[in-house]
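# Observations on the three-dimensional arrangement
If you want the building blocks of each chain, they are given just below.
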Amino acid sequence: MRIILLGAPGAGKGTISSLLVDKFGIVQLSSGDLLRTEVKRGSETGKKAEEFMNNGALVPDNIILDSMRIRLNDDDCAKGFILDGFPRTVVQADSLKQMFADMALVLNAVINLEVPEEILLRRLTSRRTCSNTDCQAIYNIHTKPPKTANKCDLCGNALIQRDDETEDVIKNRLIVYKEKTQPLIKYYSAYSQFFSVPCIDAKECMEAIQKKL
Ligand code: ADP
Ligand code: ZN
């Protein structure tokens, strides 16, 4: 099973990805996580990407394309994968199409998660992330608080607000989404594997996805 997941920041791509991972035994490929790991490692890619990320801008296509091409060739991807946060631009979508052709892979679904903007804003500002890079568990101070304030339930490390989750940066990410990523909905509408589902409640969203798959 190979799936592309589309949706605005805060639409629930991470949550739905992990549910699909459990369901189908495939790997989640989050371009954001991949880049954050590079930033933490202080690699060349990380150094180039960091400033774009902290401003809520997209990192240049060539940087993310190189990382994703390498990742897609890893052994664990052979059992199938879900792309979370990639592609984000029409250039990336065209390149991905070429990667699928080169690797003779079949795309099974392109799923667009639909969420009203006021819900996106509320979700993003109330999100807290585990500071442990090996964990990166996500909480929400309103809907999914940790058992102990500011501590990760899974590993006990401190929870933080990501640098790109302050209010100004969030507004910018939504503007960038509309300009650069929203056009992908039209791009993929031509595919028979494309469908949209509302994603207000994760459980209902998963049920809707399973019905369509
Ligand atoms: P969200 O989906 O919540 O916006 P992500 O974790 O997917 O956050 O991405 C965080 C940041 O990483 C983005 O704001 C952007 O700077 C960068 N990024 C992630 N994926 C891509 C991509 N496919 N192309 C360009 N930049 C990306
Ligand atoms: Zn943790």
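Just so it is clear, the structure is predicted and the values come from calculations on it, not from any experiment. (Residues numbered from 1 in each chain as written. Chains lettered and ligands numbered in written order. Predicted model: local features only at pLDDT ≥ 70, side-chain atom pairs only at ≥ 80, totals over all residues. Heavy atoms only, no water.)

Attention now moves to the coordination of the zinc ion (ligand 2). The coordination sphere of the zinc ion (ligand 2), as far as protein atoms go, consists of Cys130 (SG), Cys135 (SG), Cys152 (SG) and Cys155 (SG), spread over 2.3 to 2.4 Å. Bound by 4 donor atoms, the zinc ion (ligand 2) shows angles of 93 to 118° at the metal and therefore tetrahedral coordination geometry. Written as a sequence motif, the donor arrangement for the zinc ion (ligand 2) is C-x4-C-x16-C-x2-C. In this pair, Cys130 is assigned in strand β5 (residues 127–130) and Cys152 in the loop between β6 (138–140) and β7 (159–160), connecting sequence segments 22 residues apart. The buried category is assigned to Cys130, whose relative accessible area is 4%. Relative accessible area serves as the criterion here: at 5%, Cys152 is assigned to the buried category. (Donors = N, O, S within 2.8 Å, 3.2 Å for Na, K, Ca; no water. Tetrahedral: all angles 85-135°; square planar, octahedral: opposite > 155°, others 65-115°. Helix = DSSP H or I, 4+ residues; strand = E, 2+ residues; numbered from the N terminus. Buried < 20%, exposed > 50% of the residue type's maximum accessible area, 1.4 Å probe, protein only.)

Now for the sheet that holds β7. Sheet strands pair by backbone hydrogen bonding; their relative direction is either parallel or antiparallel. Read across the sheet, 3 strands follow the order β6-β5-β7 without closing on themselves; strand pairing throughout is antiparallel. The two strands at the open ends of the sheet, each matched to only one other strand, are β6 and β7. (Pairing = 2+ DSSP bridges.)

In this structure, the second largest pocket encloses a volume near 370 Å³. Looking at the second largest pocket, it is lined by 17 residues, and the ones nearest its centre are Arg36, Lys40, Ile160, Arg162 and Asp163. Looking at the lining of the second largest pocket, the elements that each hand over two or more residues are α2 (31–41), α3 (44–54) and β5. Residues belonging to the lining of the second largest pocket are distributed by class as follows: 4 nonpolar, 7 polar and 6 charged. (1 Å grid on protein atoms, 1.4 Å probe; cavity = no way out; pocket = protein on both sides within 12 Å on 5 of 7 lines; lining within 4 Å. Points joined across faces, edges and corners; volume = space filled by probe spheres on them. Nonpolar A, V, L, I, M, F, W, Y, C, P; charged D, E, K, R; others polar.)

Taken together, 19 residues form the shell around ligand 1, and within it Ser31, Arg36, Ala57, Gln92 and Arg173 come nearest. With respect to ligand 1, the side chain of Ser31 contributes an N or O atom lying 2.7 Å from a nitrogen atom. The protein chains hide 96% of the 550 Å² of surface that ligand 1 would expose on its own. Considered class by class, the residues forming the shell around ligand 1 number 8 nonpolar, 4 polar and 7 charged. (Near = heavy atom within 4 Å. Polar contact = N/O pair within 3.5 Å; in protein donor to acceptor, adjacent residues only side chain to side chain. Areas by Shrake-Rupley, 256 points an atom, 1.4 Å probe, with all protein chains shown as cover.)

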